[in-house]
Amino acid sequence: MPVVMDESALGRRVVVRYRRTDPGAAPPLSDVVGELRAIDQNSLTVLTGRGVRTIPVSAVVTARIVAPDRGRVLDLERVAARGWRPAETVELDGWLLRANSGWTARGNSALPLATPGRPIATMLADVLDFYATRSLDALIQVPLPARGLLDAELAQRCWTITSPVVVLTKALSGGQPPAGAGAGVPVALESVLSPAWQAGYHARDGQLSEAARSLLSRHENVRFASIRTGGETVAIGRAVVDEGWAGITALEVAEPHRGRGFAVRIMTALEQWAVQQGASHAYLQVTATNSAALGLYRRMGYSEHHRYHYRRAPGERGERGERGEREAPGASSGERGAPGASSADSRPAKSPPSITP
Ligand SMILES: CC(C)(COP(=O)(O)OP(=O)(O)OC[C@H]1O[C@@H](n2cnc3c(N)ncnc32)[C@H](O)[C@@H]1OP(=O)(O)O)[C@@H](O)C(=O)NCCC(=O)NCCS
């Protein structure tokens, strides 16, 4: 195969051009587009819209990863919004206007899932009004490249940009977890947000507001994972399952206990639970600058699906309650989110409730 493709492409959307072997085939070349499910020295297995196709490596002419199309990006964003449910979600012409007393950027921003059938100026006026009414900065989460035109429009209107968040995905096999120091360490999996789990949450000085606790718990299929040693909670994570997707958030290991495999152990336990709940894929969000989390997720087999960033309305500087972006483990993000929120999610809110992670 002249173009290099290896296991790092597992779970990604690929295009494989191959030479047809049936005698007299015309045209002689054909393409297969879909998710790469397996690869070895002999063949590539691709899940296409019409089923699974296995192509011998000897027939492959080129193979490359392609960006997910706009529909897939927005579909995943819609599913991810279901996994992180703020106190208020109002649908307005295909946009979700979300508010949760300022806790996390994802919980307090507009998500433009569709192109509204009216002028952008009036749409933005409604967004400004929605957040002003709640004493929150107007923030728009912009999935890229799916909403690139909107992003350009917002830039032109001087909406300021925040650091990018990477959305990572992986196909869940339910197979063997990666070996590591944490293997065998017991993980508690609870369906309610316990005091012990909260004790492992260190964002915002470890204080989870009522708004934060409610958001973390607001899901009918959620699990809170924790590792406790000697009466201390040393690692936590949260997972939800929606429409076959596991969303992992609020991953955090207490600083003195990092580098001992606890994060891998938490992730593995949550993924195994999610598979039992029917999840075939997992997603998480992480701030692009969070190299420790990105390293962990890549080691766990995740790869980039798409990115998003936030745009803040001009004149709103986000200092109210702002602590920088951090994802609560729930959102994963580079800064450090509140567990349960991705680092990517932290956001500045106008009033006291600071931003999550
Ligand atoms: C990210 C975090 C959870 C990792 O926890 P951890 O217990 O140190 O992770 P593990 O010991 O399980 O490490 C597993 C893998 O992660 C990667 N990793 C962990 N720390 C890393 C670092 N500082 N730099 C690069 N890679 C790192 C490595 O690939 C490591 O595998 P290896 O030990 O075989 O090299 C931890 O740093 C943390 O709590 N950070 C603050 C909260 C946060 O950012 N959460 C994620 C929000 S999206």
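Described below are features of the structure shown in this document. Remember, predicted model here, so these are calculated numbers, not experimental data.

Thresholds applied
- Residues numbered from 1 in each chain as written.
- Predicted model: local features only at pLDDT ≥ 70, side-chain atom pairs only at ≥ 80, totals over all residues.
- Buried ≥ 20, exposed ≤ 12 C-beta atoms within 10 Å, placed from the backbone.
- Helix = DSSP H or I, 4+ residues; strand = E, 2+ residues; numbered from the N terminus.
- Pairing = 2+ DSSP bridges.
- Axes fitted to C-alpha atoms, helices over the stretch in contact; angles between N-to-C directions.
- Arc of directions from axis to C-beta.
- Contact = placed C-beta atoms within 7 Å.

Quick word on the pairing of strand β17 (residues 303–312)
By the criterion of burial, β17 is predominantly enclosed, with seven of the ten residues buried. The pairing of strand β9 (residues 139–144) with β17 spans six bridges and is antiparallel. Its bridge partner lying in β17, Pro143 is registered against Tyr308. Bridge analysis of strand β10 (residues 160–161) against β17 gives two bridges, and the strand direction is antiparallel. Residue pairing for β17: Ile161 is matched across the bridge by Arg311. In this structure, strand β11 (residues 165–171) lies alongside β17, joined through five bridges in antiparallel fashion. In the strand pairing of β17, Leu168 is matched with Glu304.

What to know about the sheet that holds strand β3 (residues 43–48)
Pairing in this open sheet of five strands is antiparallel, and the strands run β4-β3-β2-β1-β5 from one edge to the other. Every interior strand has two partners, whereas the edge strands, β4 (51–56) and β5 (60–65), have only one. Adjacent strand axes in the sheet meet at a mean angle of 40 degrees, parallel and antiparallel pairs treated alike. Here six bridges tie β3 to β4, and the two strands are oriented antiparallel to one another. The residue bridging Leu47 from the neighbouring strand is Val52, located in β4.

Let's talk about the environment of Arg157
Tracing the chain through its elements places Arg157 in the loop between α3 (148–156) and β10. Take Arg157: there are 13 C-beta atoms within 10 Å of it, and that puts it in the partly exposed class. Sequence separation between Arg157 and Pro314 is 157 residues, and the spatial gap between their C-alpha atoms is 7.8 Å.

Description of the environment of Thr162
Inspection of the secondary structure puts Thr162 in the loop between β10 and β11. Judged by the 23 C-beta atoms lying within 10 Å of it, Thr162 is buried. The sequence separation of Thr162 and Gln141 amounts to 21 residues, and the corresponding C-alpha distance is 9.7 Å.

A look at unusual backbone geometry
Each neighbour pair has its own omega, and for Leu144 with Pro145 the value is 0 degrees, a cis peptide bond. Mapped onto the elements, Pro145 comes out in the loop between β9 and α3. Located in the positive-phi region is Glu243, a residue other than glycine, with phi close to 50 degrees. Mapped onto the elements of the fold, Glu243 is located in the loop between β14 (232–242) and β15 (245–253). Exposure remark for Glu243: the 13 C-beta atoms within 10 Å place this residue in the partly exposed category.

As for helix α5 (residues 210–217)
Buried residues of α5: Ala211, Ala212, Leu215 and Leu216, and no others. In a view along the axis of α5, the buried residues occupy a sector of 130 degrees, so they form one face of it. Close packing links the buried residues of α5 with β14 and β15.

Focus on the pairing of strand β1 (residues 13–19)
Covered by surrounding structure in β1 are Val14, Val16 and Tyr18 only, the residues Arg13, Val15, Arg17 and Arg19 on the alternate face being uncovered. Looking at chain direction, β1 and β5 are connected through five bridges and run antiparallel. Bridge pairing links Val15 to Arg64 in β5.

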